[in-house]
Amino acid sequence: MPTAKTVLITGCSSGIGEATAARLARSGWTVYATARRPETLAGLTECRHLALDVTDEPSMKTAVDAVLADAGHIDALVNNAGYSLSGAVETLDVDDIRREFETNVFGLVRLSQLVLPGMRERRQGRIVNIGSMGGKLTFPGGGAYHASKYAVEAFSDALRFEVSGFGIQVVLIEPGLITTNFDDAALASMDLDTAGPYASFNRAVAKATTEAYAGPMAKFGGPPESVAKVVEKALTKSHPKARYTVTPSAPASIATRKVLGDRGWDLAMRAQFPRPGTKG
């Protein structure tokens, strides 16, 4: 990008957002790193810090206005904020599902709407959405999270076409397993009632989640920095791809899901998770 490089990034208190903010700052970008609690951004010493809650309209508008007032323009937006909600669908609180969609989907859409007028006026800009391989396949116990990432896929595909004529490029990143504390929120959200009809299933999902991040499967994942590297590519290449997968687990899992089809995937999941309501 030939002009001054200014980027607004959401969810920078840890993980992918923190790694991306740090990498882009080292590469010469003016980085506006954001989080609900700005004090969590203290380690990003080369970035400018802003409070931003992607579930709150005034907070989003205030953050975007602050960047525009300070820098005069926004070259790029990285929609990274998100978390996982896990558990059998029947056990989930609908209000919890709404909160997840507010963070993972509606915040992403609204921030994109807020930065687009300036990008259209300048006829340039990039929007990078952090999706997931979970937007292409579904693991049992992850219905709410996967649904939010499927939605990110759809919005990204539509937006990419709609704004391309204004010189704006939209890129979707689909990470696989990333070795962060991302699993903490998923486990904290689960109903592990030992007497409920989904008790053994939810315990199996919790165990599988823990093992994915700390067990042998972790070798198929990667650190947050691996995603940050791809985000930088998406922001700097003249003609970026519409989507990028990250870590070996992503393309392998997506390809497996496609090859197996619905029946084959269900059989594979039965080998990994107990089916609620059955003894086997």
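This text goes with the structure placed above it.
Conventions and cut-offs
Residues numbered from 1 in each chain as written. Predicted model: local features only at pLDDT ≥ 70, side-chain atom pairs only at ≥ 80, totals over all residues. Heavy atoms only, no water. Helix = DSSP H or I, 4+ residues; strand = E, 2+ residues; numbered from the N terminus. Buried < 20%, exposed > 50% of the residue type's maximum accessible area, 1.4 Å probe, protein only. Polar contact = N/O pair within 3.5 Å; in protein donor to acceptor, adjacent residues only side chain to side chain. Core = buried A, V, L, I, M, F, W, Y, C linked by side-chain atoms within 4.5 Å. Contact = heavy atoms within 4.5 Å. Pairing = 2+ DSSP bridges. Axes fitted to C-alpha atoms, helices over the stretch in contact; angles between N-to-C directions. Salt bridge = Lys/Arg side-chain N within 4 Å of Asp/Glu carboxyl O. Right-handed = clockwise from strand over helix to strand, strands pointing away.

S.K.: Just checking my understanding: could you explain the side chain of Thr209 for this structure?
M.R.: Topologically, Thr209 is positioned in helix 6 (residues 199-214). Residue classification places Thr209 among the buried residues on the basis of a relative accessible area of 15%. From its side chain, Thr209 meets the backbone oxygen of Val205 in a polar contact 2.8 Å long.

S.K.: Help me understand the nonpolar core, please; the structure alone is not making it clear to me.
M.R.: Buried together is how nonpolar side chains tend to be arranged in soluble globular proteins. Residues Val31, Val128 and Ile173 are the most contacted members of the largest nonpolar core, which totals 28 residues. Of all elements in the fold, only strand 1 (6-9), helix 1 (15-26), strand 2 (30-35), strand 4 (76-79), strand 5 (125-130), strand 6 (168-175), helix 7 (224-236) and strand 7 (243-246) reach the threshold of two or more residues within this core. Top element by residues in this core is helix 7. It accounts for five residues. The contacts of Val31, once residues within four sequence positions are left out, are Val7, Ile9, Ala21, Leu24, Ala25, Cys47 and Arg48. Grouped together as the second largest cluster of nonpolar side chains are 22 residues, Val64, Ala81, Val115 and Val170 included.

S.K.: Would you mind going over the sheet that holds strand 4 with me for this structure?
M.R.: The seven strands are arranged 3-2-1-4-5-6-7 in an open sheet whose pairing can be described as parallel. What marks the edges here is a single partner per strand, and that holds for strand 3 (48-51) and strand 7. Sheet twist, expressed as the mean angle between neighbouring strand axes with direction ignored, is 20°. Helix-sheet contacts for helix 2 (residues 57-71) involve strand 1, strand 2 and strand 3, and the interaxial angle to strand 3 is about 150°. Where helix 3 (residues 94-122) meets the sheet, it contacts strand 4, strand 5 and strand 6, and its direction lies at approximately 175° from that of strand 4.

S.K.: Mind showing me how you'd approach the pattern of salt bridges here?
M.R.: Between side chains of opposite charge, a pair can form when the charged atoms approach closely. Inspection of the entire model under this criterion finds 13 salt bridges. Taking the shortest distance from any N to any O, the salt bridge between Glu174 and Arg243 comes out at 3.3 Å. Of the two residues, Glu174 is situated in strand 6 and Arg243 in strand 7; the sequence distance between them amounts to 69 residues. Among the salt bridges present, the one from Asp262 reaches Arg257, with a minimum N-O distance of 2.7 Å. On the basis of relative accessibility, which here comes to 55%, the residue Asp262 falls in the exposed class. Among the ionic contacts, a cluster of salt bridges with common partners joins Lys136, Glu153, Asp157, Arg160, Glu174 and Arg243.

S.K.: Where do I start with the pairing of strand 5 in this structure?
M.R.: Buried residues dominate strand 5, accounting for six of its six residues. When strand 4 meets strand 5, the two strands line up parallel, connected through four bridges. For Asn79, the partnering residue across the bridge sits in strand 5 and is Asn129. For the crossover that starts at strand 4, traverses helix 3 and ends in the parallel strand 5, the hand is right-handed. Here strand 5 pairs with strand 6 via six bridges, running parallel. Looking across to strand 6, one finds that Ile127 is bridged to Val170. Handedness of the β-α-β unit built from strand 5, helix 4 (residues 143-164) and strand 6 comes out right-handed.

Purely geometric stuff here, so don't read any function into it on its own.
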